[in-house]
Amino acid sequence: MARHENIVVLTGAGISAESGVATFRDAGGVWAQYDYREVATPEGFAANPALVHAFYNARRRGLGAVQPNAAHRALAALERGLGEKGGRLTLITQNVDDLHERAGSKNILHMHGELSKAECAHCGDIGAARGDLSVETACNACGRAGGMRPHVVWFGEIPRFMDEAMDAIMTADLFVSVGTSGSVYPAAGFVGEARALGVPATELNLEPSENAYLFTDSRYGPATQVVASWVREMLA
Ligand code: OAD
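Cut-offs and rules
- Residues numbered from 1 in each chain as written.
- Predicted model: local features only at pLDDT ≥ 70, side-chain atom pairs only at ≥ 80, totals over all residues.
- Heavy atoms only, no water.
- Pairing = 2+ DSSP bridges.
- Helix = DSSP H or I, 4+ residues; strand = E, 2+ residues; numbered from the N terminus.
- Axes fitted to C-alpha atoms, helices over the stretch in contact; angles between N-to-C directions.
- Contact = heavy atoms within 4.5 Å.
- Domains from an automatic or database assignment.
- Buried area = accessible area lost by both parts, 1.4 Å probe.
- Salt bridge = Lys/Arg side-chain N within 4 Å of Asp/Glu carboxyl O.
- Polar contact = N/O pair within 3.5 Å; in protein donor to acceptor, adjacent residues only side chain to side chain.
- Nonpolar A, V, L, I, M, F, W, Y, C, P; charged D, E, K, R; others polar.
- Near = heavy atom within 4 Å.
- Areas by Shrake-Rupley, 256 points an atom, 1.4 Å probe, with all protein chains shown as cover.
- Buried < 20%, exposed > 50% of the residue type's maximum accessible area, 1.4 Å probe, protein only.
- Arc of directions from axis to C-beta.
- Phe/Tyr/Trp six-rings, centres within 6.5 Å; stacked < 30°, edge-to-face > 60°.
- Expected span 1.5 Å × (residues − 1).

Teacher, can you tell me more about the sheet that holds strand E4 (residues 113-120) here?
Pairing between the strands of a sheet is mediated by backbone hydrogen bonds and can be parallel or antiparallel. If you trace the three strands from one edge of the open sheet to the other, you get E5-E4-E6, paired in antiparallel fashion. Each end of this open sheet is capped by a strand with a single partner; those strands are strand E5 (126-128) and strand E6 (148-152). On average, adjacent strands in this sheet sit at an angle of 45° to one another, irrespective of strand direction. Across three bridges, E4 lies against E5 in antiparallel orientation.

Shown next as structure tokens:
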């Protein structure tokens, strides 16, 4: 029986790094190559939609070339293992890739949206984005063109599923953060919320994050190693 039965795991770009998906703030990361104001804000999209579509189209195409790694698979196994014992794992991810789904996780809150979906500004429909998006792409629901955008949350926008995320944290008996620098709010604030409620918190990351001092336990190393060994302990 796992000691903890109701676990919330927050993941960030670091969990997908060993799959070959670039992180944002490490050396050579996405924000060293692109100006986030141009490609990840509503203002950037209004100014140059073609540039923003090209940025996300390239990232969406890149998903076809990467696979989930041992850390994604371990979290999926933990969700199944806790479920079999009447427990629960809620996975809150800041990642817009689909590697958690492909590893078998089910209970996922994509707080920053998903690359594999598109959103129509005209009718609000959110549907699958199978190929590239452009200003000419027509909405599958309303048929109008010109309003399609990647279903990703940009700087200045409100992340998704915040009520569900807070509900999960408030009822958790352990909060775990994996592969995130702890520099983007509100996700970076989750550990503080958990600790204020008396919930213990574990950090699994390559190196101490900006919030490292808030955690009650920490393991540092590549996610494929530290997440896999931590999950083995949880399921032992
Ligand atoms: P960051 O790039 O800010 O941080 C990645 C973290 O992963 C760092 O703390 C690294 O040390 C760690 N890391 C790198 N390789 C690792 C590995 N192999 N195993 C374990 N950890 C590793 O990415 P996020 O914290 O996810 O938002 O960034 C948060 C948000 O900022 C993103 O969702 C994105 C970005 O701007 C939007 O675009 C809205």
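Mind showing me how you'd approach the sheet that holds strand E3 (residues 108-110) here?
If you walk across this open sheet you meet the six strands as E3-E2-E1-E7-E8-E9, and the pairing is parallel. Where the open sheet ends on each side, the last strands, each with one partner, are E3 and strand E9 (217-220). Averaged over all pairs of adjacent strands, the angle between strand axes in this sheet comes to 15°, irrespective of strand direction. Running over the sheet, helix H8 (residues 162-170) touches strand E1 (6-11), strand E2 (88-93), E3 and strand E7 (174-178) and is turned about 140° from E2.

Even after reading the chapter, I still don't get the domain arrangement of the chain, so can you show me in this structure?
Accessible area lost when the parts come together is the quantity often used to give the size of an interface. For the chain, the assigned domains are domain 1 (1-20 + 68-112 + 159-236) and domain 2 (22-65 + 115-152). For domain 1 versus domain 2, the distance between C-alpha centres works out to 26 Å. Taken together, the contact between domain 1 and domain 2 spans 14 residues of the former and 12 residues of the latter. Summing both partners gives a buried area of about 930 Å² for domain 1 against domain 2, and 55% of it is carried by carbon and sulfur. Ranking the residues of domain 1 by area buried against domain 2 places Ala-13, Val-96 and Arg-160 at the top, with a combined share of 45%. Put simply, domain 1 and domain 2 have one salt bridge between them. A salt bridge links Arg-160 to Glu-119; its shortest N-O distance comes to 3.5 Å. The interface formed by domain 1 and domain 2 holds four residue pairs in polar contact (both at pLDDT 80 or more) in total. The residue inventory of the side of domain 1 that touches domain 2, partitioned by class, reads four nonpolar, five polar and five charged.

Sorry if this is basic, but what is going on with the site of the ligand here?
Taken together, 24 residues form the shell around the ligand, and within it Ala-13, Phe-24, Arg-25, Thr-180 and Ser-181 come nearest. The fraction of the free accessible surface of the ligand (800 Å²) that becomes covered by protein chains is 94%. A breakdown of the residues in the shell around the ligand according to their chemical character gives 10 nonpolar, 10 polar and four charged. Mapping the shell around the ligand onto the domain boundaries places at least three of its residues in each of domain 1 (1-20 + 68-112 + 159-236) and domain 2 (22-65 + 115-152).

Before we go on, may I ask you to explain H8 in this structure?
Side chains of residues three or four places apart in an α-helix project in the same direction, reflecting 3.6 residues per turn. Turning to H8, its buried residues are Met-162, Ala-165, Ala-168 and Ile-169. The buried residues of H8 occupy one face: seen down the axis, they fall within an arc of 130°. Set apart from the buried face of H8 by more than 90 degrees, the exposed residues are Asp-163 and Met-170. Along its buried surface, H8 packs onto E1, E2, E3, E7 and helix H9 (190-196).

Hey, could you run me through the packing of aromatic side chains in this one?
Any two aromatic rings considered together are summarised by their centre-to-centre distance and by the angle between their planes. Per the stated rule, a full pass over the model turns up nine aromatic pairs. Aromatic side chains Trp-31 and Phe-55 sit 6.2 Å apart centroid to centroid with 20° between the ring planes, which places their arrangement in the stacked category. Note that Trp-31 is positioned in helix H2 (residues 30-33) and Phe-55 in helix H5 (residues 49-62), a separation of 24 residues in sequence. Residue Trp-31 is classed as partly exposed on the basis of its relative accessible area of 22%. By the ring-pair criterion, three or more aromatic residues cluster together here, those being Phe-24, Trp-31, Tyr-34, Tyr-36, Phe-45, Phe-55, Tyr-56, Trp-154 and Phe-155.

Teacher, can you tell me more about the pattern of salt bridges here?
Opposite charge on two side chains allows them to pair when their charged atoms are near. Enumeration according to the criterion identifies eight salt bridges in this entry. The partner of Arg-102 in a salt bridge is Asp-98, with the nearest N and O atoms 2.9 Å apart. Since its relative accessible area comes to 36%, Arg-102 is described here as partly exposed. Linked by salt bridges that have partners in common, Asp-217, Arg-219 and Glu-233 make up one network.

Even after reading the chapter, I still don't get H5, so can you show me in this structure?
The terminal C-alpha atoms of H5, which comprises 14 residues, lie 20 Å apart, in line with the 20 Å expected from a rise of 1.5 Å per residue. Here H5 has its buried residues at Val-52, His-53, Phe-55, Tyr-56, Asn-57 and Arg-60. Buried-residue contacts for H5 involve H2, helix H3 (36-39), helix H4 (42-47), E4 and E6.

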